[in-house]
Amino acid sequence: MPGTSFIIVGGAIASDVHGKNHHRDGTFSAHVSSMQILLGNGECVDASPSEKAELFHATCGGMGLTDVIVSAVLRLKAITASDILETRIKAPSLDAVLEAFDANAASSYPVAWIDCMARGTRLGRSVLIRGRACSEGPLAVQQVKALEVPVERPSGLLNRTVARVFNAAYYGRACSDAHPSRKSFESNFSPLDAIAGWASLHGRPRFLQYQCALPKKSGQAGLRDILTRIGQSQLGASLAVLKLFGDANANPVSFPMRGYSLAVDFKAEAAAFALLDVLDGIVAAHGGRSHLAEDARMSEATFKAAYPRWQEFEEVRARGHAHGRFM
Ligand SMILES: Cc1cc2nc3c(=O)[nH]c(=O)nc-3n(C[C@H](O)[C@H](O)[C@H](O)COP(=O)(O)OP(=O)(O)OC[C@H]3O[C@@H](n4cnc5c(N)ncnc54)[C@H](O)[C@@H]3O)c2cc1C
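Predicted model only: the values in this text are computed from it and were never measured. (Residues numbered from 1 in each chain as written. Predicted model: local features only at pLDDT ≥ 70, side-chain atom pairs only at ≥ 80, totals over all residues. Heavy atoms only, no water.)

Q: Break down the environment of Ala274 for me, citing the residues and quoting the values.
A: Looking at where Ala274 falls in the secondary structure, it is placed in helix H8 (residues 270-285). Each C-alpha atom, one on Ala274 and one on Leu208, is 13 Å from the other, the two residues being 66 residues apart in sequence. (Helix = DSSP H or I, 4+ residues; strand = E, 2+ residues; numbered from the N terminus.)

Have a look at this one:
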């Protein structure tokens, strides 16, 4: 499950989305047994990891560039209760939160909120939220009543000063290893769904999200460089999320790789685009890449360097009559 439930199965497969359990369970496509897909020549075929495997793998994460997913067979997990037990762990630095991830790798749904504006010895301070599915309790889907964002101000409510104060307050209020609290799976998996129009918190222009993955080996140094650069910029960054990733899969243009993922929201202003070009360079230097599902600005050169199997992907597209049909 990605961080929002407002998606469709086709979109989840085409972006090969991941949740907080990637380090244990992989991406969405790891749970797709087979798909029926419509090719560019009008032919409808079945594809699975054992039948038309190259088409299956290119479609998973292929951003709709290969074919149209008509239907899919999913393998779901049986649960006996729908709540998640959350425990918070305060980590005063980047090193501390990465150590906490390692120590909690057995947890099903670990995720960290990271303060991208902290500098110096506080660089990377975070609150790691460890999630575990309850085995007892209610088994229900809640109708989430979304709170409306009051009035949209052109400058937005999340400027740099507000982001700094919010981050300090969020970190300050968190209590390490306090008694675990029960949350519905909706509020654990997709907290922003409860705020209607949350995107307007940034005002106009709206916002963009930058999500990158960094390999385990260079992750610590890469994250340090990225956080230092964000801290030096004059941009506000409040909603930043750090996750642990497991192994990459067989899909040629899927995003995750073993290591870490950082997702940061910025107001979509000129200074942010300039900063993201710099971050692209840092991510590339550390062997990482950005998530195509979150991207609207990556250059062709950046894409090709970050997804070295792009030619193989193009060949599958050619054989599937996708060129000139799906763009
Ligand atoms: C609040 C929020 C949190 C998020 N958190 C995460 C996260 O934790 N992890 C993550 O991986 N992503 C995350 N995302 C990104 C989101 O999961 C992806 O962008 C997802 O693909 C959106 O699905 P959608 O159904 O809205 O598809 P769309 O946005 O409509 O489409 C996404 C892509 O899928 C293609 N597509 C859609 N349907 C089909 C079809 N039937 N056949 C072929 N191609 C198709 C489209 O062409 C497009 O390229 C988040 C997004 C938001 C807004």
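There's more to say after this.
Q: How would you sum up the pairing of strand E2 (residues 44-47)? Please name residues and give values.
A: Covered by surrounding structure in E2 are Val45 and Ala47 only, the residues Cys44 and Asp46 on the alternate face being uncovered. Both strand E1 (residues 32-38) and E2 contribute to a ladder of 4 bridges, which runs antiparallel. Pairing of Leu38 across the sheet is with Cys44, part of E2. A loop of 5 residues connects E1 with E2, the two strands running antiparallel in sequence, and Gly42 in this loop sits at a positive phi of about 90°. (Buried < 20%, exposed > 50% of the residue type's maximum accessible area, 1.4 Å probe, protein only. Pairing = 2+ DSSP bridges.)

Q: Explain the sheet that holds strand E12 (residues 259-267) residue by residue, including any values.
A: What the 8 strands build is an open sheet, ordered E8-E4-E6-E5-E11-E12-E10-E13; its pairing is antiparallel. Two strands bound the open sheet, and with one partner strand each, they are strand E8 (181-184) and strand E13 (289-290). Two elements, strand E10 (residues 207-215) and E12, share 9 bridges in a ladder whose sense is antiparallel. Along E12, the bridge assignment pairs Leu208 with Phe266. Together, strand E4 (83-91), strand E5 (111-114), strand E6 (126-133), strand E11 (240-245) and E12 form the strand contacts of helix H4 (residues 94-103), whose direction differs from that of E11 by roughly 45°. (Contact = heavy atoms within 4.5 Å. Axes fitted to C-alpha atoms, helices over the stretch in contact; angles between N-to-C directions.)

Q: Before we move on, can you summarise the sheet that holds E1 with the specific residues and values?
A: The strands making up a sheet associate through backbone hydrogen bonding, with each pair oriented either parallel or antiparallel. One open sheet accounts for 3 strands, arranged E2-E1-E3; its pairing is antiparallel. Two strands lie at the open edges of the sheet, namely E2 and strand E3 (68-74), each paired on one side alone. Going from strand to strand, the sheet's axes swing by 20° on average, the running direction of each strand aside.

Q: I'd love a proper account of the side chain of Ser108, names of residues and values included.
A: Counting through the fold element by element, Ser108 comes out in the loop between H4 and E5. Residue classification places Ser108 among the buried positions, given a relative accessible area of 17%.

Q: Lay out H4 with the relevant residues and their values.
A: Those residues of H4 lying buried are Leu94, Val97, Leu98, Ala100 and Phe101. Here the buried residues of H4 occupy an arc of 155° about the axis, which is enough to place them on one side. Turned more than 90 degrees off the buried face of H4, the exposed positions are Glu99 and Ala103. Elements in contact with the buried residues of H4: E4, E5, E6, helix H7 (216-232), E11 and E12. (Arc of directions from axis to C-beta.)

Q: Please provide a residue-by-residue account of the pattern of salt bridges, values included.
A: Counted by the stated rule, this structure contains 14 salt bridges. With a shortest N-O distance of 2.8 Å, Asp102 and Lys216 are connected by a salt bridge. One end of the pair, Asp102, is in helix H4; the other, Lys216, is in helix H7, with 114 residues separating them in the sequence. Among the residues examined, Asp102 registers a relative accessible area of 45% and is labelled partly exposed. Residue class for Lys216 comes out partly exposed when judged on its relative accessible area of 33%. Between Arg309 and Glu312 there is a salt bridge, and its shortest N-O distance comes to 2.7 Å. Residue Glu312 is classed as partly exposed on the basis of its relative accessible area, which comes to 36%. (Salt bridge = Lys/Arg side-chain N within 4 Å of Asp/Glu carboxyl O.)

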